Amino acid sequence: MSKEFEHLSSESREEAHLPSEERIRRIQAERWIGYERAETILGRLDELLQYPQRDRMPCLLLHAATGMGKTKLLRKFRRTHPPVFDSTIGVQKMQIVAMQMPPEPDEKSFYTQLLSSLDAPVRTSMNVHQMRHIVRDLLGFVGARMLIIDEVHTLLASTYRQQRILLNTLRYMANELRIPLICAGTSDAKIALTTDEQLADRFEAYDLPLWQNDEAFMRLLVSFQSTFPLRRSSDLTSSASRRVLLDRTRGVTVRIVRLLEALAVDAVKTGKEQIDLDSLSNLRVSSQLLHGRSV
């Protein structure tokens, strides 16, 4: 193994030998960089997936500000537990069924979205009672052990009456199917769920807080330093670099990632091959984070 790029992980050392265009593609590619808080939540999700059925199943609420990586974390979890085709009966088994709460939800649009997540056809003539019956049977048929509902804060866009109906629907599904519900959204998601006391008691709440200038943030930056295939060692972990980075991004994960990716690409294009304090202070590059879409 070459010791030429010892500041990089073994995989990134190999990538550092690639041409500039290919290295830029690697920098911009989707990646998962784990950190302690996220790994704790992923571990708890694994426990809930294996939880034995009981009358009151534990559930989990994941809430955070926009751009903190809730959806990406849930996608990571789903990739770890993909659907499996059962050739003996010709059915695709899905331990995890995931859906997104509709933007202005009511009971029918909720079931429509859930049926779509199950790749089931939806007829406009179906009423809510029929859809509820089909959803219950299909979730059992595919072997669902967990239901993930993202963007659950959009409950608050409904009328008070519809909110009560939808919260009753969530409680019905948890009771009837005896599987954990995983709800995710902004801080408003916590408000939406806690309006139903019986339902709120079932949910463990986990948050993804904004990054602070602490040890956890330093470890995250060390991971990025070793991942980007730059040919010189970057300086992201110095006290001054951390302060500038947090000031530029306000501690929002998606902004941090977007800024670091933009700086890494710029470092390849200019031949600088590293990110340092001067790079972080470069407003021309840093301003790119203001024009992207938060997730």
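Reading the values: rules and limits
Residues numbered from 1 in each chain as written. Predicted model: local features only at pLDDT ≥ 70, side-chain atom pairs only at ≥ 80, totals over all residues. Heavy atoms only, no water. Helix = DSSP H or I, 4+ residues; strand = E, 2+ residues; numbered from the N terminus. Buried < 20%, exposed > 50% of the residue type's maximum accessible area, 1.4 Å probe, protein only. Contact = heavy atoms within 4.5 Å. Areas by Shrake-Rupley, 256 points an atom, 1.4 Å probe, with all protein chains shown as cover. Core = buried A, V, L, I, M, F, W, Y, C linked by side-chain atoms within 4.5 Å. Axes fitted to C-alpha atoms, helices over the stretch in contact; angles between N-to-C directions. Parallel < 35°, antiparallel > 145°, perpendicular 65-115°, else oblique. Nonpolar A, V, L, I, M, F, W, Y, C, P; charged D, E, K, R; others polar. pLDDT = per-residue confidence, 0-100. Polar contact = N/O pair within 3.5 Å; in protein donor to acceptor, adjacent residues only side chain to side chain. Pairing = 2+ DSSP bridges.

S.K.: Would you mind going over the overall build of the chain in detail, with residue names and values included?
M.R.: Helix and strand counts for the chain stand at 14 helices and 7 strands. Taken along the three principal axes of its C-alpha coordinates, the chain extends 65 × 45 × 35 Å. Residues classed as buried in the chain amount to 46% of the 295 residues present. Restricting the contact set of the chain to residue pairs at least 6 apart, pairs at least 24 apart contribute 73%. Working note: accessible area of the chain is about 15,000 Å², and carbon and sulfur atoms make up 48% of it.

S.K.: An account of the nonpolar core is requested, with residue identities and associated values reported.
M.R.: Among the nonpolar cores identified, the biggest contains 47 residues, and Leu 45, Leu 62 and Leu 73 are the most heavily contacted of them. Per element, the largest residue contribution to this core is 9 residues, and it comes from helix α12 (residues 253-270). Contact partners of Leu 62, with chain neighbours within four places excluded, come to Ile 41, Lys 70, Leu 73, Leu 74, Cys 183, Ala 184, Gly 185, Tyr 206 and Leu 208.

S.K.: Can you lay out the packing of helix α2 (residues 20-28) against α12 for me, pointing to particular residues and giving the numbers?
M.R.: Look at α2 against α12: their axes get within 10 Å of each other, and the N-to-C directions meet at 175 degrees. Judged by the angle between their axes, α2 and α12 are roughly antiparallel. For the pair formed by α2 and α12, the contact residues are Ser 20, Arg 23, Ile 24, Ile 27 and Gln 28 on the first element and Glu 261, Ala 264, Val 265, Val 268 and Lys 269 on the second. Taken together, the residues that form the contact of α2 with α12 break down as 5 nonpolar, 2 polar and 3 charged.

S.K.: So what's going on with the confidence of the model for the chain? Residues and values would help.
M.R.: With 95% of its residues at a pLDDT of 70 or more, the chain shows a mean pLDDT of 90. Here helix α14 (residues 283-286) stands out as the element of the chain with the lowest mean pLDDT, 58, in contrast to helix α3 (residues 36-49), whose mean of 97 is the highest.

S.K.: Residue-level account of the environment of Glu 261, with values.
M.R.: Mapped onto the secondary structure, Glu 261 falls in helix α12. Separated by 76 residues in the primary sequence, Glu 261 and Gly 185 place their C-alpha atoms 25 Å from one another. At a separation of 3.0 Å, a polar atom in the side chain of Glu 261 contacts the side chain of Arg 31.

S.K.: Let's hear about the sheet that holds strand β5 (residues 146-150): which residues, and what values?
M.R.: With parallel pairing, the 5 strands of this open sheet are ordered in space as β4-β5-β6-β1-β7. Taken across any chain shown, the strands that pair with only one partner, and hence form the sheet edges, are β4 (96-100) and β7 (203-207). Ignoring strand direction, the axes of neighbouring strands in this sheet form an average angle of 15 degrees. Two elements, β5 and strand β6 (residues 181-185), share 3 bridges in a ladder whose sense is parallel. Paired with Ile 148 across the bridge in β6 is Ile 182. Strand contacts of α3: β1 (59-63), β4, β5, β6 and β7, with the helix running at about 160 degrees to β7, the strand carrying the most contacts. Against the sheet, helix α5 (residues 107-117) touches β4 and β5, its axis set at about 135 degrees to β4.

S.K.: So what about the environment of Arg 258? Which residues, and what values?
M.R.: The residue Arg 258 is located in helix α12 in this model. With a relative accessible area of 18%, Arg 258 lands in the buried category. A C-alpha to C-alpha distance of 9.1 Å links Arg 258 and Gln 28, two positions 230 residues apart in sequence.

S.K.: Outline the environment of Val 265, supporting the account with residue identities and numerical values.
M.R.: Mapped onto the elements, Val 265 comes out in helix α12. With relative accessibility at 9%, the residue Val 265 sits in the buried group. Val 265 sits 107 residues away from Ser 158 along the chain, and the two C-alpha atoms are 43 Å apart. Not counting residues within four places of it along the chain, the set of residues in contact with Val 265 comprises Ile 24, Ile 27 and Gln 28.

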